[in-house]
Amino acid sequence: MSTQALLTPYHKNLNVKNRVVMAPLTRSRAANTDNKPTADLHAVYYGQRASAGLIITEGSQVSKCAVGYVNTPGIHSKAQVEGWKIVTKEVHDKGGKIFIQLWHVGRMSHPDFHNGDLPLAPSAINPNEQSYTPEGFKDTVAPKAMTKEDIQTTILDFQNAAKNAVEAGFDGVEIHSSNGYLFHQFFNGTSNHRTDEYGGSLENRVRFFFEVLDAVKEVIPQQQIGARFNPSLNGVFGMTMDEETIPTFEYIIKKLNDYDLAYIHLSEPFTDVSKIPFAVENIAEHFRPLYNGTLMINAGFNQESGNKVIASGNADLVAFGKLFISNPDLVERFENGYELAKWNEDTFYTPGKEGYIDYPTFKEQEQHA
Ligand SMILES: Cc1cc2nc3c(=O)[nH]c(=O)nc-3n(C[C@H](O)[C@H](O)[C@H](O)COP(=O)(O)O)c2cc1C
């Protein structure tokens, strides 16, 4: 057995061969009228990365109305389910495991995606960000405050997407409650000014997320559900922290002890928050004592810091994002101490194969050197 903590198996609920997780990464390659994953792009891409203990797919919209970026795949139509079946088969054939990230961007969208209608959000507050539309980046607008009917519809959309995920052969689902998207907009007092039972108190601001979680666990065992949070997100994706932000996440994460989830997936701060009075700088360290289940940590980790955070006991699994874009064989590179390849930001979101399925493994790279 390897002496590297990252390369040891992990059994609770997930049962994975190593603790190296591929983080969810939007790549905007579903450039077809159905926004479905395809055999020649998505299946190849995810199959190449099947040596990860777990792959979490890119954010995948749970309904037409959940979308906010061009060419992202969905998990709400028959064609999309058929496309994902090819992907899950490829990953399983190669001995991997794959969860799908269920996504609703809320106000981080644009009317161009909704035939001119406004995107949905807890309150009509413009995040003053940009949305990546078919015609390029456009300024976001003040969204429509969701009615209770909109909330009920969205709960069912997530439930239906989870049902579709099971049909498509996924090993589980991750609820995207992170990075300034819909659930995060409900959690945060600067984006949620509601006066009904979904706004105001901390219990009210988290209600929608737990209603979705309860609906999703009716169609897939909770041991196959993960949830992602970014507690110290500040100044990006329209999020501004206040004094209630961290207590809200503490409340959510403690409440998740009442469930038996596959994992919670936390991100370390995306920006320097050392001068933000309400922020926590060390997320894994802060939240580990509050949670009894499996804790996955992400953001800015490398082989050394990943091994360290597991050995310290502050996390069970580490999700790597950008490193998995340019190193399909990241696990083998960690195993053998091979050099890591740099990613090219210019091709993160461009259509086609380039910068997507043409990063070689270390061995392929050596053969062609
Ligand atoms: C190109 C790109 C696309 C991303 N797409 C998603 C996404 O769909 N869902 C999500 O939760 N995070 C997404 N993220 C954030 C990553 O999952 C991860 O949190 C971030 O890259 C930091 O981890 P790293 O330092 O290991 O790259 C994306 C990041 C990048 C660079």
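Residues numbered from 1 in each chain as written. Predicted model: local features only at pLDDT ≥ 70, side-chain atom pairs only at ≥ 80, totals over all residues. Heavy atoms only, no water.

Caption draft 1: Geometry of the site of the ligand. As a matter of local geometry, the ligand sits amid 18 residues, with Pro24, Thr26, Arg228, Asn298 and Gly300 nearest to it. Between the ligand and the protein, one listed contact pairs an oxygen atom with a side-chain N or O atom of His176 at 3.1 Å. For the ligand, an oxygen atom lies 2.8 Å from a polar atom in the backbone of Gly321. Here the ligand has 600 Å² of accessible area as a free molecule, and 88% of this is covered by the chains. Grouping the amino acids of the shell around the ligand by side-chain chemistry returns 8 nonpolar, 8 polar and 2 charged. (Near = heavy atom within 4 Å. Polar contact = N/O pair within 3.5 Å; in protein donor to acceptor, adjacent residues only side chain to side chain. Areas by Shrake-Rupley, 256 points an atom, 1.4 Å probe, with all protein chains shown as cover. Nonpolar A, V, L, I, M, F, W, Y, C, P; charged D, E, K, R; others polar.)

Caption draft 2: Expanded view of the pairing of strand β2 (residues 54–61). Counting buried residues along β2, 8 of its 8 residues qualify, which places the element largely inside the surrounding structure. Inspection of the sheet shows β2 paired to strand β3 (residues 98–103) by 5 bridges, in the parallel sense. Its bridge partner lying in β3, Gly59 is registered against Gln101. At this point the chain moves from β2, through helix α2 (residues 78–93), to the parallel β3, and the crossover so formed is right-handed. (Buried < 20%, exposed > 50% of the residue type's maximum accessible area, 1.4 Å probe, protein only. Helix = DSSP H or I, 4+ residues; strand = E, 2+ residues; numbered from the N terminus. Pairing = 2+ DSSP bridges. Right-handed = clockwise from strand over helix to strand, strands pointing away.)

Caption draft 3: Looking closely at the sheet that holds strand β9 (residues 225–229). With parallel pairing, 8 strands are arranged side by side around a closed barrel as β1-β2-β3-β8-β9-β10-β11-β12. Neighbour-to-neighbour, the strand axes of the sheet open up by a mean angle of 25 degrees, direction not taken into account. With respect to the sheet, α2 is in contact with β2 and β3, its orientation differing from that of β3 by roughly 145 degrees. (Axes fitted to C-alpha atoms, helices over the stretch in contact; angles between N-to-C directions. Contact = heavy atoms within 4.5 Å.)

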